[in-house]
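# Structural characterization, general
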Amino acid sequence: MSHIIGIDLGTTNSLCGVFLGDKPRLIPNALGKMLTPSVVAVLEDGQILVGEAARELRVTQPDRCASTFKRLMGSDARVEMAGRAFTAPELSSMVLKSLKADAEKFLAEEVTDAVITVPAYFNDNQRKATKVAGELAGLKVRRIINEPTAAALTYGFHDRNAEKKLIVVDLGGGTFDVTLMEVFEGTLEIVSTSGESFLGGEDFTNRLVSVILKQLGMQLELAELQEPLRVARLRQQCEDAKRRLSEQTDVEVKVPEKDGTLPEKARTVKINRETFAAAVKPLLDRIAGPIGKALRDGRSEAQEVDDVILVGGATRMLPLVDFVRDYFGREPEATFNPDEVVCLGAAVQAALIADNRAVDDMVMTDVCPFTLGVNTAKEMGGQVKTGYFVPIIHRNTTIPVSKEHVFSTMVPNQQEVLVDVYQGENRKVENNLKIGELRVTGVPPGPAGQEIYIRFTYDLNGILEVEAYVAKSEKKFRAVLTQHAADLTDAELEAAVANLQTLKYYPREDQANQKLLRFAERMVGEVSPYQREQFEDAIDMFEQAMGTGDRETVENARSTLEQILAMLGIDPDQASGGASFE
Ligand code: ADP
Ligand code: MG
């Protein structure tokens, strides 16, 4: 049987891994890197570009590019890219396709099956959208697993004889997750999980942008509208500065012009670690909430946790590490690279699904991350009040789980009942998220109080199925949750696949050239005027050479361009502006 790959489909970066021999390992992309930026672009000739080259292009031609679309998963939103509109699953499928191609190259076999990770806090629609993305990429999604669970699997796999309480703190580009778990005799039990879906490293970068703009007498929201190019470029500078602050005590940030260019004599603002720590204090306060909640749900105290595991690129930030150390009173674990641990766990999960012998002593149980229930009316003091949330599956219940609840009709001869399905923790449905509805029709005539059974089944993928039946009629109804486009019919899926098939992907073997070209283009504005002409000539020559498709011509032009870059003291692999993630 061919291998099942494990994929960490991140907001910022995505990774692909596989279980080979007796351990999980990562698969390099066409550039030899493990991290593929989750950025896609459409080139002038209509070809699709994924990863680092697309991220370079985003700086100079944002209209051709799309990024952070993971945040739109499960919504009906469309993203414009080079004049065409795409859904989040379509854009994600481009990233997945690229990872699939990398895996096929690496394994020298066709890859058809995958395990994909999602934030624990992803709701039903978002999980389904992720599955759709996989299908659009030609992958059978064997399992959707929670990112912190995957991270825990990596630690559990390597430390199988341990008996301890672990907490995974995952701060990625745009989401924050925290998960408490216990390991004993090869069994990994997820105890509780919590998080925030709009809190991540990007918010820390934004704090920095805001602080700098403030020093210049500007306000972020306003500047974003009035000077979008300046803000976009400054954000990139700040992203870079934020990373450097993980190594250095202070950094200088160059402030771009209004048109987004960065002249040599650009104004600079100095930021030190203290300024940064103060600027992000409100964000750190928000991190405490979900940690406390996970501990409370798991009936644990911070001091009882044996290991604190940091996951996600943003946990490299020192203020975050300081905060976590203070909170738990211990030094966090750093055995695995925080960028890689989720993907490695997805590969372990893939091995579990494939019944790989190397993991046959491992057992893993997961939980449902949020409460699922329905909207009901309550009678209070003779008055009927609507909009109350009645939980059917409580948060942090071990999955898979199936629970039934009995409801009754409110009025005599009521023929129809609308079951509105919600997730959330509030007693009023208006404060929770509606994830779908089920219309139960044909209730036989009779007095009020006829019984209707509602069953919720939450599977290992974290996908919910709702069933209802009327006790008297034995008539069964199954939920088709129609809230969002995430549920595609077979015909719709086929149409989407056909639509995507009209797109051609940029050849895998030429991606390094494309990345260099886009990187060089971005650097044009940053070299001094008297060097610029020669630099641009070399870029033109390289671009033309790439157009000829003749390998030798391309190699020659590439080496000329590389020499000029070296002369200018620009190292493409040490590119600033967040171009290098390792
Ligand atoms: P996601 O899971 O959302 O794809 P990642 O785990 O790749 O995200 O983390 C991306 C975030 O990590 C970004 O916000 C990025 O700025 C941040 N990050 C990466 N490296 C560093 C670093 N050295 N210092 C500070 N932040 C970093
Ligand atoms: Mg992640």
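### Observations regarding the environment of Met94
Mapped onto the secondary structure, Met94 falls in helix 2 (residues 88-107). Judged by its relative accessible area of 0%, Met94 falls in the buried class. Contacts of Met94, omitting those with residues within four sequence positions, involve Val40, Ile48, Val50, Met81, Phe86, Leu500, Leu503 and Tyr505.

### Things to note about the domain arrangement of the chain
Structurally, the chain comprises domain 1 (4-199 + 282-367), domain 2 (201-281), domain 3 (370-503) and domain 4 (509-574). Computed over C-alpha atoms only, the centres of domain 1 and domain 2 are separated by 28 Å. Taken together, the 21 residues of domain 1 in the interface contact 17 residues of domain 2. Between domain 1 and domain 2 we count two salt bridges in total. Two residues, Glu202 and Arg71, come together in a salt bridge whose shortest N-O distance is 3.4 Å.

### Here's the deal with the side chain of Asn29
Tracing the backbone through its elements, the reader meets Asn29 in the loop between strand 3 (23-26) and strand 4 (36-37). Those residues in contact with Asn29, other than ones at most four positions away along the chain, are Leu35, Thr36, Asp102 and Arg508.

### A closer look at the packing of helix 2 against helix 3 (residues 124-136)
It is at 8 Å that the axes of helix 2 and helix 3 come closest, and there the two elements cross at 50°. Relative to helix 3, the element helix 2 is oriented oblique. For helix 2 against helix 3, the interelement crossing comes out right-handed. On helix 3, the residues touching Pro89, Glu90, Ser92, Ser93 and Leu96 of helix 2 are Ala129, Val132, Ala133, Gly134 and Leu136. When grouped by side-chain class, the residues that make up the contact of helix 2 with helix 3 number six nonpolar, three polar and one charged.

Thresholds, definitions, all that
- Residues numbered from 1 in each chain as written.
- Chains lettered and ligands numbered in written order.
- Predicted model: local features only at pLDDT ≥ 70, side-chain atom pairs only at ≥ 80, totals over all residues.
- Heavy atoms only, no water.
- Helix = DSSP H or I, 4+ residues; strand = E, 2+ residues; numbered from the N terminus.
- Buried < 20%, exposed > 50% of the residue type's maximum accessible area, 1.4 Å probe, protein only.
- Contact = heavy atoms within 4.5 Å.
- Domains from an automatic or database assignment.
- Salt bridge = Lys/Arg side-chain N within 4 Å of Asp/Glu carboxyl O.
- Axes fitted to C-alpha atoms, helices over the stretch in contact; angles between N-to-C directions.
- Parallel < 35°, antiparallel > 145°, perpendicular 65-115°, else oblique.
- Left-handed = near helix turned anticlockwise from the far one by under 90°.
- Nonpolar A, V, L, I, M, F, W, Y, C, P; charged D, E, K, R; others polar.

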